[in-house]
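# A closer look at the structure
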Amino acid sequence: MREFLTVGGRKLSYLDFGGPGHPLLALHGHYNEASAFAPLAEALAPRWRVIALDQRGHGASDRAESYERDDYVADVAAFHQHLNVGPAAVLGHSLGGVNAYQYASRHADRVTALIVEDIGAVVDCDWSFTTRLPRPAPSRDALASALGGAAPYLECSFRESKDGWGFSFDIDDTVASQKALNGDHWTDWEAVTCPTLLIRGTRSDELMADHAREMIARRPDQARLVELPAGHVVHHDAQAQFAAAVSAFLSQLP
C-alpha cells in the first residue's frame, strides 16, 4: 500500500507491504525506488513486514533542494517516527546503505539490526553513467533499448510524461546526490552498535573485497560479511540468495 508523509513541506512516499511481521525499513539506491523491494518483501513475509521509502527525489516523493548526507538521514528519522513501529531493523542498498548505517550510528536506540548491501565506509562514486542516461524517449521500449544491459536495474523507475518516457528521478538531482554521497564515512560505520550484516556482490564494481573485509574487521563480533554471486545490485542479481541471507541473519536476532 502506498502512503505518504510530509517532512519540511515536502512529500515523502513509501510502500508498506503489510503483514503481521516485525518491521524492516528498506532504503533503495540511486536510480531505484521503494518498489525495488517487492520481491524481498514477498520472500520475507509473513515474519517480516517490509516498509520501503521512496527517498527524496525518487519515486513518488518530491524532489528537493538539497541531497546532502544530513538531509537523507533526517528523512529516515522522520519516516521511522511517522510509522510509530518502535525500534526496527533497517536495510539499505548503495545510497540507502550509507543512509542506513548513518541513521543507525546517530539513532542507536531506534535500530535493532542493520543490513547494508554493497556499499563501503569510503565512497568514491563515478557519476559519468548518470550523465549518460538517455533523456526522454518516445516509448518504454525505446528507453529500455537505449539503456541496454542496465535496463533491468532501472525499469522500476521508468515513467511516462508529456515529453515521453524517462525516469522517476531527475538526472541532475542524482548527480548532486552522488557527489554528496562521496567521502570517508568510517566514523559512522564504526559507531554502529547493533548486529550488522554486510552483503557484497562478488562481481561488484562498487564494494571491493578488501574494503568489505576491513569494514568487518573494524567492528569485530558485531558485523558479518556474506558474499553472493552478483554485481552491485545483489537483491536483483541473486534474488533468492539475497532474501535467504537476510532471513537467516534476522532469524538469529534475540
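This one's a predicted model, so the numbers in the text were calculated from it and none came from an experiment.

### Things to note about the nonpolar core
- Core analysis: the largest hydrophobic core is formed by 42 residues, its most contacted members being Phe 79, Tyr 101, Leu 114 and Trp 189.
- For Trp 189, the contacting residues outside a window of four places in its chain are Tyr 101, Val 116, Ala 121, Thr 196, Met 215, Arg 219 and Ala 223.
- Ranked by size, the runner-up nonpolar core spans 28 residues in total, among them Phe 37, Leu 91, Ile 115 and Ile 199.

### A few points about the pattern of salt bridges
- One pass over the full model with this rule turns up 14 salt bridges.
- With its nearest N and O atoms 2.9 Å apart, the salt bridge here joins Arg 2 to Asp 54. One end of the pair, Arg 2, is in strand E1 (residues 2–7); the other, Asp 54, is in strand E4 (residues 48–54), and 52 residues separate them in sequence.
- What makes Arg 2 partly exposed here is its relative accessible area of 34%.
- When its relative accessible area of 0% is taken as the criterion, Asp 54 is described as buried.
- With a closest N to O distance of 4.0 Å, Asp 71 and Arg 56 form a salt bridge.

### Observations regarding the environment of Arg 63
- Here Arg 63 lies in the loop between E4 and helix H2 (69–83).
- Residue classification places Arg 63 among the partly exposed residues on the basis of a relative accessible area of 46%.
- With sequence-adjacent residues up to four places away left out, Arg 63 is seen in contact with Arg 10, Gly 57, Phe 167, Phe 169, Asp 170 and Asp 173.

### Let's talk about the UniProt feature "domain: AB hydrolase-1" (unreviewed entry) in the protein chain
- Mapped onto this numbering, the UniProt entry annotates "domain: AB hydrolase-1" (unreviewed entry) at residues 23–130.
- Helix makes up 34% of residues 23–130 and strand makes up 25%, while its end C-alpha atoms are separated by 32 Å.

### Remarks on the layout of surface pockets
- In this structure, the largest pocket encloses a volume near 660 Å³.
- Every residue lining the largest pocket is counted, 25 residues in all, and those nearest its centre are Tyr 31, Phe 129, Asp 205, Glu 206 and His 232.
- Listing elements by their share of the lining of the largest pocket, those giving two or more residues are helix H4 (128–131), helix H6 (151–154) and helix H7 (171–181).
- Classifying every residue of the lining of the largest pocket gives 10 nonpolar, 9 polar and 6 charged.

Conventions we followed
- Residues numbered from 1 in each chain as written.
- Predicted model: local features only at pLDDT ≥ 70, side-chain atom pairs only at ≥ 80, totals over all residues.
- Heavy atoms only, no water.
- Core = buried A, V, L, I, M, F, W, Y, C linked by side-chain atoms within 4.5 Å.
- Buried < 20%, exposed > 50% of the residue type's maximum accessible area, 1.4 Å probe, protein only.
- Contact = heavy atoms within 4.5 Å.
- Salt bridge = Lys/Arg side-chain N within 4 Å of Asp/Glu carboxyl O.
- Helix = DSSP H or I, 4+ residues; strand = E, 2+ residues; numbered from the N terminus.
- UniProt positions renumbered as here; feature names shortened; annotations may be inferred.
- 1 Å grid on protein atoms, 1.4 Å probe; cavity = no way out; pocket = protein on both sides within 12 Å on 5 of 7 lines; lining within 4 Å.
- Points joined across faces, edges and corners; volume = space filled by probe spheres on them.
- Nonpolar A, V, L, I, M, F, W, Y, C, P; charged D, E, K, R; others polar.

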